[in-house]
Amino acid sequence: MRAVWDGALHVLATPLSLAAVVGACTVLTGAHERFILALSLCAAVTAASAFLISSYLPACTAPAIVAILGLVGVGAWRLSSGQYFLVATFAGLAGGLAADVDAPSSLTIAGVFLAEISVLFGLLIAYQDLAGVQKLAPVLPIAKRVLGSWIAAMGLLMTALVLYAG
């Protein structure tokens, strides 16, 4: 179980990985309720498999995807269902790449999968519950845009740091 917890904590303790999950949540909140589990599963599978292609991608990939997620969250665009799945795939890729597990084993990858799916699914369900509260309805779009701008700023800063250092 220690390896599973190690993988899960890499997702939850890495700021860029957590920003990818929260950035995905800001974009995916516009998706229909019936897609929430499928979108979370898509992001988690991509995050778990990101270790397979991490050596082929440049180091600025994860921060750049996080910046794009934040900018899409700020824009609050209406997307089609296919575009939501594309966003979930890229968010999972960024979250998996940013998790930066030292020695990925099947158990640590399972921990990354479990953390990604549970956090994203939990945030999307919590948003659906909050959207049903009448007093919060005017505040939620503003909160999504503020959160999206924070995610975009973090992604742009991390992309600039990686490009500057590399």
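Preceding block: the structure.
What you are looking at is a predicted structure, and each value in this text was computed from that prediction instead of being measured.

K.L.:
Which residues make up the overall build of the protein, and what are the values?
P.N.:
When helices and strands are counted, the protein shows seven helices and zero strands. Secondary structure elements of the protein occur, N-terminal to C-terminal, as α-α-α-α-α-α-α. Dimensions of the protein, computed from the C-alpha atoms along their principal axes, are close to 45 × 40 × 25 Å. The long-range fraction of contacts in the protein, counting pairs at least 24 apart against all pairs at least 6 apart in sequence, stands at 90%. For the protein, the separation between the mean place of its 6 positive charges and that of its 6 negative charges on side chains is 16 Å.

K.L.:
Hey, could you go over the packing of aromatic side chains for me, with residue numbers and the actual values?
P.N.:
Counted under the stated rule, the structure contains one aromatic pair. Aromatic pair phenylalanine 35 and phenylalanine 85: ring centres 5.9 Å apart, planes at 80°, arrangement edge-to-face. Of this pair, phenylalanine 35 sits in the loop between α2 (15–28) and α3 (36–53) while phenylalanine 85 sits in helix α5 (residues 81–99), and the two are 50 residues apart along the sequence. Relative accessible area serves as the criterion here: at 23%, phenylalanine 35 is assigned to the partly exposed category.

K.L.:
Residues and numbers for the environment of phenylalanine 85, please.
P.N.:
Residue classification places phenylalanine 85 among the partly exposed residues on the basis of a relative accessible area of 27%. Every residue in contact with phenylalanine 85, bar those within four places of it in the chain, is listed here: Phe35, Ala38, Leu39 and Cys42.

K.L.:
Please provide a residue-by-residue account of the nonpolar core, values included.
P.N.:
Ranked by internal contacts, the top residues of the largest apolar core, which has 31 residues, are Leu28, Leu39, Val66, Leu120 and Leu124. Among the secondary structure elements, those contributing two or more residues to this core are α2, α3, α4 (61–75), α5, α6 (106–131) and α7 (140–165). When residues of this core are assigned to their parent elements, the largest contribution, nine residues, is made by α2. Among residues more than four places away in sequence, those in contact with leucine 28 are Leu39, Tyr84, Val87, Ala88, Leu120 and Leu124. Judged by nonpolar contacts, the second largest core, of eight residues, contains Ala8, Val11, Phe51 and Val112.

K.L.:
Could you give an account of α4, naming the residues involved and the relevant values?
P.N.:
An ideal rise of 1.5 Å per residue puts 21 Å on 15 residues; α4 measures up with 21 Å between its terminal C-alpha atoms. Of all the positions in α4, only Thr61, Ala62, Pro63, Ile65, Val66, Ala67, Leu69, Gly70, Val72 and Gly73 are classed as buried. Along its buried surface, α4 packs onto α2, α5 and α7. One or two positions beyond α4, positive phi appears at alanine 76, with a value near 50°.

K.L.:
Give me the lowdown on the packing of helix α1 (residues 2–13) against α6, citing residues and values where you can.
P.N.:
For the pair α1 and α6, interaxial distance at closest approach is 6 Å and the crossing angle is 45°. Judged by the angle between their axes, α1 and α6 are oblique. Handedness of the α1/α6 crossing: right-handed. Contact residues: α1 offers Ala3, Val4, Asp6, Gly7, Ala8, Val11 and Leu12, while α6 offers Leu107, Thr108, Gly111, Val112, Leu114, Ala115, Glu116 and Val119. Its residues assigned to classes, the contact of α1 with α6 comprises 10 nonpolar, three polar and two charged.

K.L.:
Which residues make up the layout of surface pockets, and what are the values?
P.N.:
Empty space within the largest pocket amounts to approximately 280 Å³. Elements supplying a minimum of two residues to the lining of the largest pocket: α2, α6 and α7. Residues belonging to the lining of the largest pocket are distributed by class as follows: 10 nonpolar, four polar and three charged.

Rules used in this analysis
Residues numbered from 1 in each chain as written. Predicted model: local features only at pLDDT ≥ 70, side-chain atom pairs only at ≥ 80, totals over all residues. Heavy atoms only, no water. Helix = DSSP H or I, 4+ residues; strand = E, 2+ residues; numbered from the N terminus. Contact = heavy atoms within 4.5 Å. Lys, Arg positive; Asp, Glu negative; His and termini not counted. Charge placed at Lys NZ, Arg CZ, Asp CG, Glu CD. Phe/Tyr/Trp six-rings, centres within 6.5 Å; stacked < 30°, edge-to-face > 60°. Buried < 20%, exposed > 50% of the residue type's maximum accessible area, 1.4 Å probe, protein only. Core = buried A, V, L, I, M, F, W, Y, C linked by side-chain atoms within 4.5 Å. Expected span 1.5 Å × (residues − 1). Axes fitted to C-alpha atoms, helices over the stretch in contact; angles between N-to-C directions. Parallel < 35°, antiparallel > 145°, perpendicular 65-115°, else oblique. Left-handed = near helix turned anticlockwise from the far one by under 90°. Nonpolar A, V, L, I, M, F, W, Y, C, P; charged D, E, K, R; others polar. 1 Å grid on protein atoms, 1.4 Å probe; cavity = no way out; pocket = protein on both sides within 12 Å on 5 of 7 lines; lining within 4 Å. Points joined across faces, edges and corners; volume = space filled by probe spheres on them.

Read these as layout, nothing more, since geometry by itself doesn't imply function.
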